[in-house]
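Structure assessment
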Amino acid sequence: MHARDHVTHGASRKFVEQGVVCPTLIGRDGALSTASHALDRALGAHGGSLIVSGEAGIGKSRLVRAMVEQARTLGFVTLEGACFEADRAHPYAPLLDLVRVLSTTTSPTVAAHYFAPAADELVTFFPELSSVFPDAQPHEVLDPESGRRRLFGAFEQAMIALGRVQPLLLVVEDVHWSDDATLDLLLHLGRRIGAQRIVVVLTFRSDEVGPRLARLLADCDRARCASQLILHPLSAPDVSAMLQAIFGPTAALDTSFVNGLHALTEGNPFFVEEVLKGLVLSGDVVNADGRWRARPLEHVKVPRTASEAVGRRLAGLSPVARDIASVAAVAGRRFDFALLKALTQHDETQLLAFVKELIEAQLVVEESADRFAFRHALTRETIRAQLLTRERVAMHRAIAQALEQQPSASGRDAEDALAYHSFEAGEWDAARRYALSAAEHALALCAPREALRQFDRAVSATIFAGTRLDSSLLVSRGSAYETVGAFQQADRDFVAALDAARAANDASAEWIALHALGMLWAARDYGRAGRFRHEALEVARTIGDSQLIAHSLNRIGNWYVNREEPQSGIPYHDEALAIFERAGDRRGVAETVDLLALAHHTAGTQDAAVQLYKRSIALFTALDDKRGLTYSLTVLTVSAASHHASASPVVGSLEMLDLDDSERPVRLASEIGWRAGESLARFMVADHLCWLGEYERAWRLAHESLRIAEEIGHMEYECGARRTLGLITLHLCDPAGAILGLQAAHDMARRLESHSWTRWTGAPLAIALAGNGQHERAAALLDEVDRIVPNRMGGDGHGRGVRRTLGQRYLANARAEVALAAGAPADVFAVIDERDVAGTPRSALLYGRAFAALGRWDEAAAMFADARAGAKVQGARPQLWRIDAAQGAAYLGERRRLDARRAFDAARSVAAELASCLDDPTVVAAFQAGIDRMAPPPPERTPAQLAKQRCGGLTRRECDAAALIAQGKTNRVIAHVLGISERTAEGYVASALGKLRFSSRSQLAVWAAEHRLTAPTSSRT
């Protein structure tokens, strides 16, 4: 009995070594069909992304392997990379992995050929790849955002170029462990391969979706550039099919065993295989007489988790192989043979034998001659978890020391690994040093979240080492927090940095912290931001550094602009500009010119603003500063939409702006990963599109802006997004619906203590209230805004007599709207300055409506003509139909009904075009009701009128005459039949000919026959 058991156990071990792995893919027919469809579409130049998700061990990698094999049979080039848990703070780790795997599995020459268009950029950012791309020409990166964009573009160009030669399948597995920079790159690529022969496949664990991955999934869904494939657990019949595939069709494994195994593993394929391996090794599943049989599960000690199943197989290894597996597991999911050799100090022959033992146990797979990987992430996690903390610490220390001895230890790629292993080993000084270096690398790649993870590691290492945190580290981490929208954490770090700088009596560090706080709080509280900025200026003057002084002057000038005091802010910007120009600081000059442009735009001096924006765009373009360019283009875009409150329309700005590409600032902000800038660009471009009547696009952009602003806690941009959504609703003739959003925006503006936003939100809210019949509340709101934001412009109480700011003009237009709604048209002339009317559609329309209400028809007509001309120049279709509607109402007042009808019809025609682009039936109904109120439809026609219309406008008698002419009757006979005089009959015939523009009776006869007119019988007895 003992001998037979020994033989059986030996056979079972041999079977395990050969593979308790299902040779076919079971239960995934639908998933395979979806994968095949994606490949077929790519062959026809309809590329896209396939995102595969499911729990750990569900079979994502197995499905991808099947897809890769099919793709290769179809002639695809396949590029494969993976993400690993330890690489989350390493920007573009999967990209480097993909290049390395390709160069080691094929040859560096092939890799260099595939990535030739991206070689220069890859070596620029990753010098360690110079051995793969020996002919690459790296360049200096002056701006991280520009460099990031160039890298994205180069990678895209390389993939598209390869796809044109041969269809391409690009695979990146386990993106739940991906760094954010890689996710941004994958999204960028996914959006651009729709017309290429490229398929991108991503896999992730469904229970490990972080914020950035969730955003990528949402962005892919919105862009409709990816299909999602969710893998579910296998059914009991599927598990039975797995067993048949593994053990053969003659296996005697009864239903109770199958059902028990399915219940135990919950249909997870990886767990099914792991449990089976343990059962085979323990002799609970044996091969007897050529047939596999299993003991009943109730009599078997079955592992309850995949970890336990892996642990059983580890127990079957030799002690040295187990030790090597432990070292490899601490090193990572993937490990180098050279590193393992240095750590274990075995000679190559011995080490190969032990690694082969791990491969035979199906714990490890060979990827290349130099690199191996654990077969599954769960395998590696299980082995690592079995080590004591002290064991892991010692191994991390040994790995860090071994990495430092390798030739590539000084490369950027090694920094993250050294930071990770040094930190886990408790080597705090080394961990801090390597983490800071890796963070700088991440920032150079415009990867703020990866930099933040490294800064966190550096801060923790400093604390654990018992060293005082220095101000520069705290400011660096705070800036990373601010970039990703973590306001509270950024504030905490900046305040701590300020305290540290003051404790060290370091004035320069104090200025940096104060400057950072002033910038941070501008999104939350202008009052507090102003205090920080004034303190920073005092410190800069104490230091005597002219450029620090210039930066502080700019921030204070901008603070005044946002408090609706642009004339107070402009001198600060002028002084800063002079300092930067003397110093030859091109970037400082560009930023100052941009701020000056905004100041003049806010002040209402649009001619100066246009010239300054032209200059700032040229400067930012020369500097390749995409962030600055994004902001300039954004504000220039919205300036085209704000002429309705401007005395001098910014027509000159339109030559700088491609209106067919109005979303360019949004794309720029997205490409450089500037989330706050993306929110700003979206709601400001939406404001512009609303003015043009492109309501669906505007609504989408404004909602996306609001979502981003809420996510990052940017109250100012949340205020702007809510205001824009309220404006769109107001444009669509739903004042009641607009009130809620505009009230929320106004409340935020009050909390921000921003005078500009208080006016910019108060004005449309008052208009909505008046449109909803709440005239008194609207007037009270405007009075309250005037009390909160006093006029400092001189002139009378409303700023008359001097040039008004943009916010004051918004408010004046709102007062005019309220006055008209309240039946006080004369008040319009008291609140709108005549200089704000010429060429300004909104103000000219208000003046025209006021003149019409007072019966001053000629003056009203002149104002309407002026408003219409301005609206046509600006492409403001919503204003055009409102102008025609107001003109129609004025014509009715003059009793010119035909002219009124024509004006109303013109208004309804333009408004109908705008309504036709709306999707929501409720919104369309509200908009149509508003159109009907302002431009009433023509009255329903009487039956006689309808009949007359059908007959080309002929009366009944004229139709009778035409029918008789068709019978060849003379005028005398027609007169006799109709019982009228011959002269009257002649009149009917002549009238019919004239209305139909005919020149002969024969034409009239043909027309009557075609319309099947029936001749009357004689009316004479």
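Residues numbered from 1 in each chain as written. Predicted model: local features only at pLDDT ≥ 70, side-chain atom pairs only at ≥ 80, totals over all residues. Heavy atoms only, no water.

Brief notes about the overall build of the protein
The helix and strand inventory of the protein stands at 49 helices and 10 strands. Overall, the C-alpha framework of the protein stretches about 135 × 90 × 55 Å when taken along its three principal axes. Sequence-distant contacts in the protein: of pairs separated by 6 or more residues, those separated by 24 or more amount to 67%. Across the protein, the mean location of the 115 positive side-chain charges is 7 Å away from that of the 124 negative side-chain charges. (Helix = DSSP H or I, 4+ residues; strand = E, 2+ residues; numbered from the N terminus. Contact = heavy atoms within 4.5 Å. Lys, Arg positive; Asp, Glu negative; His and termini not counted. Charge placed at Lys NZ, Arg CZ, Asp CG, Glu CD.)

With respect to the sheet that holds strand 8 (residues 334-336)
One open sheet accounts for three strands, arranged 8-10-9; its pairing is antiparallel. The open sheet terminates on both sides in strands that have one partner only, identified here as strand 8 and strand 9 (364-366). Ignoring which end each strand starts from, the neighbouring axes of this sheet average 30° apart. In this structure, strand 9 lies alongside strand 10 (residues 371-374), joined through three bridges in antiparallel fashion. Each residue of the ladder has a partner; that of glutamate 366, found in strand 10, is phenylalanine 372. On top of the sheet, helix 15 (residues 337-344) reaches strand 8 and strand 10; it is set at about 70° to strand 8, its chief contact. (Pairing = 2+ DSSP bridges. Axes fitted to C-alpha atoms, helices over the stretch in contact; angles between N-to-C directions.)

Observations regarding the environment of valine 171
With respect to the helices and strands, the residue valine 171 is situated in strand 3 (residues 168-173). The class for valine 171 is buried, based on a relative accessible area of 1%. Separated by 752 residues in the primary sequence, valine 171 and valine 923 place their C-alpha atoms 43 Å from one another. With residues up to four places along the chain from it excluded, the contact list for valine 171 reads Val64, Val68, Leu79, Glu80, Gly81, Leu98 and Val201. (Buried < 20%, exposed > 50% of the residue type's maximum accessible area, 1.4 Å probe, protein only.)

Details of the sheet that holds strand 3
Pairing within the open sheet is parallel, and its five strands lie in the order 2-3-4-1-5. Since the sheet does not close on itself, it has two edges, and those belong to strand 2 (77-82) and strand 5 (226-230), each with one partner. On average, each strand axis in the sheet is tilted by 15° relative to the strand beside it, whichever way the strands run. In this sheet, strand 4 (residues 198-205) lies alongside strand 1 (residues 48-54) in parallel orientation, the contact comprising seven bridges. Paired with valine 52 across the bridge in strand 4 is threonine 203. Against the sheet, helix 4 (residues 93-105) engages strand 2 and strand 3, with an angle of about 130° to strand 2.

With respect to the pairing of strand 3
In terms of burial, strand 3 is a largely internal element, six of the six residues being buried. Burial of strand 3 is two-sided: the residues Leu168, Leu170 and Val172 facing one way and the residues Leu169, Val171 and Glu173 facing the other way are all buried. Pairing between strand 2 and strand 3: six bridges, direction parallel. Among the inter-strand pairings, alanine 82 is bridged to a residue of strand 3, identified as glutamate 173. As paired strands, strand 3 and strand 4 are joined by five bridges and run parallel to one another. Looking at strand 4, one finds that valine 172 is bridged to leucine 202.

Quick look at the environment of cysteine 733
With respect to the secondary-structure elements, cysteine 733 resides in the loop between helix 34 (715-731) and helix 35 (735-752). Along the primary structure cysteine 733 and threonine 203 are separated by 530 residues, whereas in three dimensions their C-alpha atoms are 47 Å apart. Among all residues touching cysteine 733, those that are not within four sequence positions of it are Trp881, Arg882, Ala926, Phe927, Gly930, Ile931 and Arg933.

Things to note about the pattern of salt bridges
This structure, assessed with the given rule, holds 52 salt bridges. As a salt-bridge pair, arginine 215 and aspartate 219 come within 3.7 Å of each other at their nearest N and O atoms. Here aspartate 219 and arginine 215 lie together in helix 9 (residues 211-223), a separation of four residues that amounts to about one turn. There is no split in this pair, since arginine 215 and aspartate 219 are both buried. Residues aspartate 624 and lysine 626 are paired through a salt bridge, measuring 3.4 Å at the closest nitrogen-oxygen approach. For lysine 626, a relative accessible area of 12% gives the class buried. Look at the salt bridges and you will find they share partners, linking Arg215, Asp219, Glu678, Arg682, Arg700 and Glu704 into a network. (Salt bridge = Lys/Arg side-chain N within 4 Å of Asp/Glu carboxyl O.)

Comments concerning the nonpolar core
In this structure, Leu79, Phe115, Phe133, Met159 and Trp881 are the most contacted members of the largest nonpolar core, which totals 224 residues. For phenylalanine 133, the contacting residues outside a window of four places in its chain are Val99, Ala111, Ala112, Phe115, Ala119, Leu122 and Val123. Core analysis: the second largest hydrophobic core is formed by 26 residues, Leu846, Tyr847, Phe851 and Ala886 among them. (Core = buried A, V, L, I, M, F, W, Y, C linked by side-chain atoms within 4.5 Å.)

Overview of helix 15
Counting along an α-helix, one turn takes 3.6 residues, and residues three or four places apart therefore face a common direction. Residues of helix 15 that are buried: Phe337, Leu339, Leu340 and Thr344. The arc enclosing the buried residues of helix 15, seen along the axis, measures out at 160°, which places them on a common side. Where helix 15 is buried, its residues touch helix 14 (319-331), strand 8, helix 16 (348-360), strand 10 and helix 18 (389-405). The first or second residue beyond helix 15 is glutamine 345, which carries a positive phi of 60°. (Arc of directions from axis to C-beta.)

Looking at the side chain of glutamate 450
Secondary-structure assignment places glutamate 450 in helix 21 (residues 448-464). When neighbours within four sequence positions are excluded, glutamate 450 is seen to be in contact with Arg88, Ala89, His90, Pro91, Asp179, Asp180, Ala181 and Ala442.

Section: unusual backbone geometry
Despite not being glycine, alanine 45 has its phi angle at roughly 65°, a positive value. In this structure, alanine 45 sits in the loop between helix 2 (29-43) and strand 1. Despite not being glycine, aspartate 624 shows a phi value in the positive range, around 55°. Examined against the element boundaries, aspartate 624 turns out to sit in the loop between helix 29 (606-623) and helix 30 (626-639). For aspartate 624, a relative accessible area of 23% gives the class partly exposed.

Regarding the packing of aromatic side chains
One pass over the structure, following the stated rule, counts 22 aromatic pairs. With 6.2 Å between their ring centres and 80° between their planes, tyrosine 92 and phenylalanine 126 make a pair best called edge-to-face. Pair noted here: tyrosine 92 is in the loop between strand 2 and helix 4 and phenylalanine 126 is in the loop between helix 6 (119-125) and helix 7 (144-165), with a separation of 34 residues, a long-range link. With a relative accessible area of 0%, tyrosine 92 lands in the buried category. Clustering of aromatic rings is evident, with ring pairs tying together Phe683, Tyr717, Trp757, Trp760 and Tyr810. One cation-aromatic arrangement involves arginine 433 over tyrosine 434; the distance from NZ or CZ to the ring centre is 4.9 Å. Here arginine 528 stacks its cationic end above the ring of tryptophan 521, 4.2 Å away from the centre of that ring. (Phe/Tyr/Trp six-rings, centres within 6.5 Å; stacked < 30°, edge-to-face > 60°. Lys NZ or Arg CZ within 6 Å of the ring centre and 35° of its normal.)

Focus: the confidence of the model for the protein
The share of residues in the protein with pLDDT of 70 or more is 90%, and the mean pLDDT across the chain is 85. Residue range residues 640-660 is modelled with pLDDT below 50. Its contacts to residues more than four positions away, or to other chains, number 57 contacts. (pLDDT = per-residue confidence, 0-100.)

Regarding empty space enclosed by the protein
Tallied over the full model, the rule gives four cavities of 30 Å³ or more. Counted as a void, the second largest cavity has a volume near 70 Å³. The wall of the second largest cavity is formed by Pro94, Leu95, Leu98, Phe155, Leu170, Val172, Thr182, Leu185 and Leu186. For the lining of the second largest cavity, the secondary structure elements donating two or more residues are helix 4, strand 3 and helix 8 (180-190). Of the residues assigned to the lining of the second largest cavity, the class counts are eight nonpolar, one polar and no charged. (1 Å grid on protein atoms, 1.4 Å probe; cavity = no way out; pocket = protein on both sides within 12 Å on 5 of 7 lines; lining within 4 Å. Points joined across faces, edges and corners; volume = space filled by probe spheres on them. Nonpolar A, V, L, I, M, F, W, Y, C, P; charged D, E, K, R; others polar.)

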